[in-house]
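Listed here are the chains, written in short residue letters.
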Amino acid sequence: MYLGIDLGTSGVKAMLIDAGQKVIGSASGKEVETSRPHPGWSEQDPADWIRATEEAIAALRAGHPAEFSAVRGIGLSGHMHGATLLDADDKVLRPCIMWNDTRSHREAAALDADPRFRKVTGNIVFPGFTAPKLAWVKGNESDTFARVRRVLLPKDYLRVWLAGEHLSDMSDSAGTAWLDTGARKWSADLLAATGLEERQMPGLVEGTEPAGILRPELAAKWGLGEGVVIAGGAGDNAASACGMGTVREGTAFVSLGTSGVLFAANASYLPNPQSAVHAFCHALPDTWHQMGVILSATDALNWHSRVTGTSAADLTMELGDTLKAPSSVTFLPYLSGERTPHNDAAIRGAFLGLGHESGRAVLTQAVLEGVSFAIRDSLEALKSAGTSLSRVTAIGGGSRSRYWLKSIATALNLPVDLPADGDFGAAFGAARLGLIAATGANPTAVLTAPATAATIEPEPALAAAYEDAYQRYRRLYPAIRAAA
């Protein structure tokens with residue numbers, strides 16, 4: 001048996017699979033609380049991650065005691081970019097500054113203005129990345145900064161607890177703004193630019209490689225044998241890609257979660273930072289990926305749900321199943337700024353083209369179209385970075401809406417595949433990495449794609465109308481940016 005542990009923003013999910021990759025069961029711990037002591041701040045206590053992991057493990061053991069006792073490998077996945085700061089005794093110095101924390105926007109701009117960062121990392125230095133967070137700590141909490149002996153990403157703090165090792169994988173580390181992404185190693189120059197040294201960083205391994213052995217006291221507590229291998233693991237999106245089998249050149253998925261992601265696997269390193277596309281290492285050796293990210297996908301629909309007092313499911317049901325031509329109303333989903341392609345933390349969303357006839361259903365349609373067009377922006381950015389896609393697979397909560405999938409297929413002019421029933425997310429991908437690390441299996445033989453249950457084709461009769469609406473959408477960002 002093999003265990004995947006996914007440290008999500010709101011909680012921890014543990015999943016158990018067997019040697020044939022059949023899901024035996026999964027369980028979650030209680031929600032992890034996020035603290036927001038000031039506008040733009042987002043912090044978590046790493047002790048809560050351990051508590052939630054222990055709860056998830058306890059629930060999984062209770063439901064599947066015999067199977068759990070056969071665990072031989074563990075894979076880790078987690079939310080990226082978080083700054084977890086430890087002292088010389090591995091004690092946490094302050095709450096983890098999370099991926100969606102924007103306090104370091106000035107520091108990010110200053111680092112991004114140094115041409116070395118984009119050249120070495122292949123990415124814009126976003127406020128959510130780890131390096132500007134440390135620059136902020138240095139400037140605002142100098143006593144804490146002076147005591148930092150180790151900077152870890154969230155899932156790798158779990159590794160310290162599990163195995164006592166200070167290690168990270170390439171995919172997660174690529175989101176720090178300190179990694180030489182093409183060479184897959186830390187950059188001493190970029191670390192020095194934030195007052196740090198390589199000895200303060202974790203050692204680097206590939207996500208498929210062994211990266212620690214479960215501590216004997218935890219193995220005994222959980223009823224496991226000796227020598228349980230812990231894999232390098234992956235950042236959450238790369239782990240989801242491992243779960244989906246999105247590891248070969250040209251394969252891609254679109255994730256409709258709180259945020260939206262268009263993820264494409266690459267056989268070579270293809271940076272294009274000016275397009276605000278993320279170019280990161282994948283969890284497999286000699287593999288990279290590109291990722292367009294929009295900050296509000298289902299979050300935009302949930303906002304509309306709160307405002308109208310109607311559930312998201314009822315709102316989308318009101319539209320029916322037949323895709324409609326876009327109306328005169330356009331929605332810009334920049335409720336908390338935007339990454340790809342604008343890299344604009346200050347911009348905010350808007351409805352435009354409203355009339356007396358613009359009822360709730362018209363606004364719902366505009367919200368779904370706005371997210372579809374934002375994903376189209378990411379597709380265009382990937383094209384400019386040298387990636388060509390012939391189809392995508394849809395995952396995430398928003399993929400339950402067939403209307404939304406038809407809108408995305410038509411906006412992208414690409415078929416959208418729906419996987420067969422099953423959970424192919426980050427916890428499953430992490431469990432797969434645990435299997436590979438523990439057994440030495442060929443990664444490409446393990447990381448296969450699920451069967452396709454259905455394919456949503458673009459609506460050719462609406463192609464021209466959607467293209468016109470997308471071009472209108474594109475013209476509106478500079479207009480509202482100028483007015484801001």
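In this report, we go over the structure that sits alongside the text. What you are looking at is a predicted structure, and each value in this text was computed from that prediction instead of being measured. (Residues numbered from 1 in each chain as written. Predicted model: local features only at pLDDT ≥ 70, side-chain atom pairs only at ≥ 80, totals over all residues. Heavy atoms only, no water.)

### What about the overall build of the protein?
Phase 1 of the analysis: Counting secondary structure elements, the protein contains 18 helices and 24 strands.
Phase 2 of the analysis: Expected size for 484 residues packed as a compact globule is a radius of gyration near 23 Å; at 22 Å, the protein falls within 12% of this value.
Phase 3 of the analysis: Taking the principal axes of its C-alpha atoms as reference, the protein extends roughly 65 × 50 × 40 Å.
Phase 4 of the analysis: A buried classification covers 59% of the 484 residues belonging to the protein.
Phase 5 of the analysis: At a minimum sequence separation of 6, the contacts of the protein that also span at least 24 residues come to 73%. (Helix = DSSP H or I, 4+ residues; strand = E, 2+ residues; numbered from the N terminus. Rg over C-alpha atoms; globule rule 2.2 N^0.38 Å. Buried < 20%, exposed > 50% of the residue type's maximum accessible area, 1.4 Å probe, protein only. Contact = heavy atoms within 4.5 Å.)

### Remarks on the packing of aromatic side chains
Each aromatic ring pair is characterised by the separation of its centres together with the angle its planes make.
Phase 1 of the analysis: This model, assessed by the stated rule, comprises 16 aromatic pairs.
Phase 2 of the analysis: Ring centres of tryptophan 303 and phenylalanine 351 lie 6.2 Å apart, and the angle between their planes is 35°; this geometry places the pair in the tilted category. Of the two residues, tryptophan 303 sits in helix α12 (residues 298-308) while phenylalanine 351 sits in strand β21 (residues 350-352), which places them 48 residues apart along the sequence.
Phase 3 of the analysis: For tryptophan 303, a relative accessible area of 27% puts it in the partly exposed group.
Phase 4 of the analysis: Under the relative-accessibility criterion, phenylalanine 351 is labelled partly exposed at 23%.
Phase 5 of the analysis: Look at phenylalanine 373 and tyrosine 466: their rings are 5.7 Å apart centre to centre, the planes differ by 65°, and that puts the pair in the edge-to-face class. Of this pair, phenylalanine 373 sits in helix α14 (residues 360-384) while tyrosine 466 sits in helix α18 (residues 463-483), placing them 93 residues apart in sequence. A single burial state applies to phenylalanine 373 and to tyrosine 466, both of which are buried.
Phase 6 of the analysis: Ring pairs connect the aromatic residues Phe373, Tyr466, Tyr470 and Tyr473, which therefore count as one cluster.
Phase 7 of the analysis: In this arrangement the basic side chain of arginine 103 is found over the ring face of tryptophan 41, its NZ or CZ atom lying 3.5 Å from the centre.
Phase 8 of the analysis: Its end group placed over the ring of tryptophan 288, arginine 184 keeps NZ or CZ at 4.8 Å from the ring centre. (Phe/Tyr/Trp six-rings, centres within 6.5 Å; stacked < 30°, edge-to-face > 60°. Lys NZ or Arg CZ within 6 Å of the ring centre and 35° of its normal.)

### A word on the layout of surface pockets
Phase 1 of the analysis: Its volume calculated, the second largest pocket comes out at about 800 Å³.
Phase 2 of the analysis: If you go around the second largest pocket, you meet 34 residues; those closest to its centre are Asn100, Asp101, Thr102, Leu295 and Ser336.
Phase 3 of the analysis: For the lining of the second largest pocket, the elements supplying multiple residues, two or more each, are α3 (105-112) and α12.
Phase 4 of the analysis: With four residues, α3 is the single largest residue contributor to the lining of the second largest pocket. (1 Å grid on protein atoms, 1.4 Å probe; cavity = no way out; pocket = protein on both sides within 12 Å on 5 of 7 lines; lining within 4 Å. Points joined across faces, edges and corners; volume = space filled by probe spheres on them.)

### Description of the nonpolar core
Phase 1 of the analysis: By size, the foremost hydrophobic cluster in this structure holds 66 residues, and its most contacted members are Leu85, Leu134, Val151, Trp178 and Leu196.
Phase 2 of the analysis: The element best represented in this core is helix α16 (residues 426-439), accounting for eight residues.
Phase 3 of the analysis: Non-local contacts of valine 151, meaning those with residues more than four positions away in its chain, are made with Thr84, Leu85, Thr130, Leu134, Trp178, Leu196, Gln200, Met201 and Pro202.
Phase 4 of the analysis: Val254, Trp404, Leu418 and Ile480 belong to the second-largest nonpolar core, a separate cluster that totals 51 residues. (Core = buried A, V, L, I, M, F, W, Y, C linked by side-chain atoms within 4.5 Å.)

### A word on the side chain of histidine 282
Phase 1 of the analysis: Within the secondary structure, histidine 282 is located in the loop between β18 (278-281) and β19 (288-294).
Phase 2 of the analysis: A distance of 3.0 Å separates the side chain of histidine 282 from the backbone oxygen of threonine 246, its partner in a polar contact. (Polar contact = N/O pair within 3.5 Å; in protein donor to acceptor, adjacent residues only side chain to side chain.)

### Let's talk about unusual backbone geometry
Phase 1 of the analysis: Omega for the peptide link from threonine 340 to proline 341 comes to 0°, which places this bond in the cis form.
Phase 2 of the analysis: Within the secondary structure, proline 341 sits in the loop between β20 (330-332) and β21.
Phase 3 of the analysis: Within the chain, asparagine 343 stands out as a residue other than glycine whose phi angle is a positive 50°.
Phase 4 of the analysis: For asparagine 343, the position within the fold is in the loop between β20 and β21.
Phase 5 of the analysis: Although it is not a glycine, asparagine 413 sits at a positive phi angle of roughly 55°.
Phase 6 of the analysis: On the basis of relative accessibility, which here comes to 56%, the residue asparagine 413 falls in the exposed class.

### Some details on the sheet that holds β18
Phase 1 of the analysis: Strands sit in the order β18-β19-β17-β16-β22-β23-β24 across an open sheet of seven strands; the sheet is mixed. The open sheet has two edge strands with one neighbour each: β18 and β24 (452-456). Strand-to-strand twist in this sheet, taken as the mean axis angle between neighbours without regard to direction, amounts to 30°.
Phase 2 of the analysis: Strand direction decides the pairing type here: β18 and β19, joined by four bridges, are antiparallel. Residue histidine 278 lies in a different strand from β19, and its bridge partner there is methionine 291. (Pairing = 2+ DSSP bridges. Axes fitted to C-alpha atoms, helices over the stretch in contact; angles between N-to-C directions.)

### Details of the pattern of salt bridges
Should the charged atoms of two oppositely charged side chains come close, the side chains can pair.
Phase 1 of the analysis: Applying the stated criterion across every chain, the model contains 23 salt bridges.
Phase 2 of the analysis: Between arginine 147 and aspartate 87 there is a salt bridge, with its nearest N and O atoms 4.0 Å apart. Pair noted here: arginine 147 is in the loop between α6 (142-146) and β8 (150-152) and aspartate 87 is in the loop between β6 (84-86) and β7 (96-97), with a separation of 60 residues, a long-range link.
Phase 3 of the analysis: On the basis of relative accessible area, arginine 147 is assigned to the partly exposed category, the value being 48%. (Salt bridge = Lys/Arg side-chain N within 4 Å of Asp/Glu carboxyl O.)

### Section: the packing of α12 against α14
Two measures define how a pair of helices packs: the angle their axes make with one another and the distance between the axes.
Phase 1 of the analysis: Viewed as axis vectors pointing N to C, α12 and α14 meet at an angle of 160°, and their least axial separation amounts to 10 Å. As summarised for this structure, α12 and α14 are arranged roughly antiparallel, according to the angle between their axes. Here α12 and α14 pass one another in a crossing that is right-handed. Where α12 approaches α14, its residues Ala300, Leu301, His304 and Thr308 are matched on the opposing element by Arg360, Leu363, Thr364, Val367, Leu368 and Val371.
Phase 2 of the analysis: Within the contact of α12 with α14, the residues separate by chemical class into six nonpolar, three polar and one charged. (Parallel < 35°, antiparallel > 145°, perpendicular 65-115°, else oblique. Left-handed = near helix turned anticlockwise from the far one by under 90°. Nonpolar A, V, L, I, M, F, W, Y, C, P; charged D, E, K, R; others polar.)

Spatial relationships are all this shows, so hold off on functional conclusions.
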